[in-house]
Amino acid sequence: MIYADNAATSFPKAPGVADAMRDYLDRIGASPGRSAHRLSIEAARIVFEARETLAALLGMDDSSRMIFTPGATFGINAALLGLLRHGDEVIASSMEHNAVMRPLRHLEGERGVRVRVAQTDGSGLVDPRQLGDLVTDRTRLVAVMHASNVTGTVQPVAEVSREIGPVPLLIDGAQSIGSLPVDLSRLGPCLYAFSGHKGLLGPPGIGGLCIGEGIDLEPLVRGGTGSRSEREEQPDFLPDLHEAGTPNAVGIAGLLAATRYVTERSVMSIREHELALFSRLADGLRGIPGVTLFGTADPERQLATASITIDGLSPSDAAHILDREHAILVRPGLHCAPSAHRTIGTFPAGTIRISLGPFNTADDVESILEAVADLAQNQTPPG
Ligand code: PLP
């Protein structure tokens, strides 16, 4: 079997993740930051180390500004609902995932937030100048994903940050963390939301939101934090302001093991591995008659994610045949990003997305190319 659906969630997970989660459940089990006993202290140490390790990976000076969330979706919602008020204006790229667009459309209806969509080019690439020019004195936020989950296009977020000046930039980092170097200290004011279960190679149900210096968010959820328990108001300090309720310590234990693996192997070496695989995959796909590859022509501007269509075969039929006849697992359709598919001209059928990860090999790529060539030649939908 070849797993090529890493943009949905990575598989396999990093070595050590399952052991760390089992160890937490078997040996620790307690709630971090709640009781002063030894097991609670040990759980709190895991949470502290995970926060520090993630902050270091992302180039953050102050780890308390990284809050744990159940995933990128929650972090993005916390950022948008915590920041935007009636009359504010937001600029979002046309490649954004529904994790961004759905809360924005909700805020448009409920809070009168004005949503302006900045059209990218056909490869999904934003134009930082265009974004800078769209900013007005009512612009409260610009939302640009770091890399597309549809085409793999990597956005020039540093240039965007420069062009929009003091306006905060919300970066959906679901696809970039662990796959691309991220240094938040080199960006202007920004919010960076991420999942633990994709490029970080950790478990589902845990992720985070990095809140740049000087950005204040209303909390999305209020409740017990284990701190200032004498008060009925939410603590006003980070990270407790945004971390109400018992934390997902088992997820955080897995995430810590995953982040350590990624840090030790190094994001740069993962990037090089994936870039080599992607370059071969993209070259091979471009050479197959009847196959269209989307995204940019420059592998340096790409994740190891290839979105394709095959003439005469629907993406869902193609994915079904790849699974059934070739044991190659990919994801067809719209990938929760209808606006991105409208942008690249593949709405409503979508594409076949082949997304590679750190554990894929050159042999996997050759097998995928053979199978796609076979499909393109004999495009017979399953009966
Ligand atoms: N944004 C992008 C670009 C994604 O690919 C995904 C995952 O599918 C998300 C947001 C949502 O991430 P999660 O499911 O971890 O909340």
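Residue numbers here run from 1 along each chain, matching the order of that chain's written sequence. Owing to the predicted nature of the model, reporting of local features is limited to residues with pLDDT of at least 70; listing and counting of side-chain atom pairs is limited to 80 or more, with chain, interface and lining totals taken over all residues. Values shown for side chains rest on all heavy atoms present in the structure; no hydrogens or waters enter the calculation.

### Details of helix 9 (residues 315-326)
Helix numbers and strand numbers start at the N terminus; a helix is a DSSP run of H or I with at least 4 residues, a strand a run of E with at least 2. Given the number of residues in a helix, its expected span is that number minus one, multiplied by 1.5 Å. Relative to the 16 Å expected for 12 residues at 1.5 Å per residue, helix 9 spans 15 Å between its end C-alpha atoms, a close match to the ideal helical length. Between buried and exposed lies partly exposed: a residue is buried under 20% and exposed over 50% of the maximum accessible area for its type, with that area taken using a 1.4 Å probe on protein chains only. Among all positions in helix 9, only Pro-315, Ala-318, Ala-319, Ile-321 and Leu-322 are buried. For helix 9, the angular spread of the buried residues around the axis is 160 degrees, confining them to a single face. Two residues form a contact once any of their heavy atoms are found within 4.5 Å. Of the surrounding elements, those touching the buried residues of helix 9 are strand 10 (305-310), strand 11 (328-329), strand 12 (331-333), strand 13 (351-355) and helix 11 (362-377). Looking one or two places after helix 9, you find Ala-327, whose phi comes out positive at around 55 degrees. The directions from the helix axis to the C-beta atoms are what the arc is built from.

### Overview of the site of the ligand
By convention in this text, a residue qualifies as near a molecule or strand provided that one of its non-hydrogen atoms is within 4 Å of it. Near the ligand there are 13 residues, and of these Thr-73, Asp-172, Gln-175, Ser-195 and Lys-198 occur at the shortest range. In protein, a polar contact requires one atom able to donate a hydrogen and another able to accept it; more generally it is a pair of N or O atoms within 3.5 Å, and residues adjacent in sequence count only if both atoms are side-chain atoms. Between the ligand and Lys-198, the relevant distance is 2.7 Å, taken from an oxygen atom to a side-chain nitrogen or oxygen of the residue. Per-residue and other accessible areas were derived by the Shrake-Rupley procedure at a 1.4 Å probe size, with only the shown protein chains allowed to occlude residues. Protein contact buries 84% of the 390 Å² of open area that the ligand shows by itself. Three categories are distinguished: nonpolar for Ala, Val, Leu, Ile, Met, Phe, Trp, Tyr, Cys and Pro, charged for Asp, Glu, Lys and Arg, and polar for the others, with Gly belonging to the last. Looking at the shell around the ligand, its residues break down into four nonpolar, seven polar and two charged.

### Things to note about the layout of surface pockets
We place a 1 Å grid over just the protein atoms. Points where a 1.4 Å probe fits but has no way out form a cavity, open points with protein on both sides within 12 Å along at least 5 of 7 lines form a pocket, and any residue with an atom within 4 Å of a point lines it. Grid points are joined across faces, edges and corners, and a volume is the space filled by probe spheres set on the points. Estimated volume of the largest pocket: approximately 520 Å³. Along the wall of the largest pocket there are 20 residues; nearest its centre are His-146, Gln-155, Val-157, Ala-158 and Pro-181. A breakdown of the residues in the lining of the largest pocket according to their chemical character gives 11 nonpolar, two polar and seven charged. Structurally, the lining of the largest pocket is a two-domain feature, drawing no fewer than three residues from each of domain 1 (2-10 + 266-378) and domain 2 (17-265). The volume enclosed by the second largest pocket comes to roughly 340 Å³. Lining the second largest pocket are 18 residues, with Val-47, Arg-51, Pro-239, Asp-240 and Glu-243 sitting closest to its centre. Residues of the lining of the second largest pocket, tallied by class, amount to six nonpolar, seven polar and five charged. In this entry, domain limits derive from an automatic or database-based domain assignment.

### Examining the side chain of Asn-98
Residue placement: Asn-98 occurs in helix 4 (residues 98-111). The exposure class assigned to Asn-98 is buried, which follows from its relative accessible area of 14%. If we skip the residues at most four places from it in the chain, Asn-98 touches Pro-103, Cys-336 and Pro-338.

### Focus: the pattern of salt bridges
Basic side-chain nitrogens of Lys or Arg form a salt bridge, by our definition, when they fall within 4 Å of a carboxyl oxygen of Asp or Glu. Counted under the stated rule, the structure contains 16 salt bridges. The partner of Asp-19 in a salt bridge is Arg-22, with the nearest N and O atoms 3.2 Å apart. Note that Asp-19 and Arg-22 are positioned in helix 1 (residues 17-28) at a spacing of three residues, about one turn of the helix. Owing to a relative accessible area of 46%, Arg-22 belongs among the partly exposed residues under this scheme. Salt-bridge contacts for Glu-42 lead to Arg-45; the nearest nitrogen and oxygen are separated by 3.6 Å. With Glu-42 and Arg-45 both in helix 2 (residues 38-57), this residue pair falls three residues apart, about one helical turn. Given the relative accessible area of 40%, Arg-45 is considered partly exposed.

### Brief notes about the nonpolar core
Proteins that are soluble and globular tend to have nonpolar side chains buried together. For our purposes a nonpolar core is just a set of buried Ala, Val, Leu, Ile, Met, Phe, Trp, Tyr and Cys residues, chained together by side-chain atoms within 4.5 Å. Ranked by size, the top nonpolar core spans 50 residues in total, and within it Leu-58, Phe-68, Leu-131, Leu-169, Leu-184, Tyr-192 and Phe-194 carry the most contacts. Of all the secondary-structure elements, those providing two or more residues to this core are helix 1, helix 2, strand 2 (66-69), helix 6 (157-164), strand 6 (169-172), strand 7 (190-195), helix 7 (249-265) and helix 8 (267-286). Per element, the largest residue contribution to this core is nine residues, and it comes from helix 7. Grouped together as the second largest cluster of nonpolar side chains are 31 residues, Leu-313, Ile-321, Leu-356 and Val-372 included.

### Things to note about the domain arrangement of the protein
Taken domain by domain, the protein comprises domain 1 (2-10 + 266-378) and domain 2 (17-265). Using only C-alpha atoms to locate each centre, domain 1 and domain 2 end up separated by 27 Å. Listed per partner, the contact involves 34 residues of domain 1 and 35 residues of domain 2. For the pair domain 1 and domain 2, the two sides together bury roughly 2900 Å², of which 56% comes from carbon and sulfur. We define buried area as the total accessible area lost by two parts upon association, computed with a 1.4 Å probe and summed across both. If you sort the residues of domain 1 by the area they bury against domain 2, Val-267, Arg-301 and Leu-303 come out on top, with a joint share of 22%. Seen at the junction of domain 1 and domain 2, the total is zero salt bridges.

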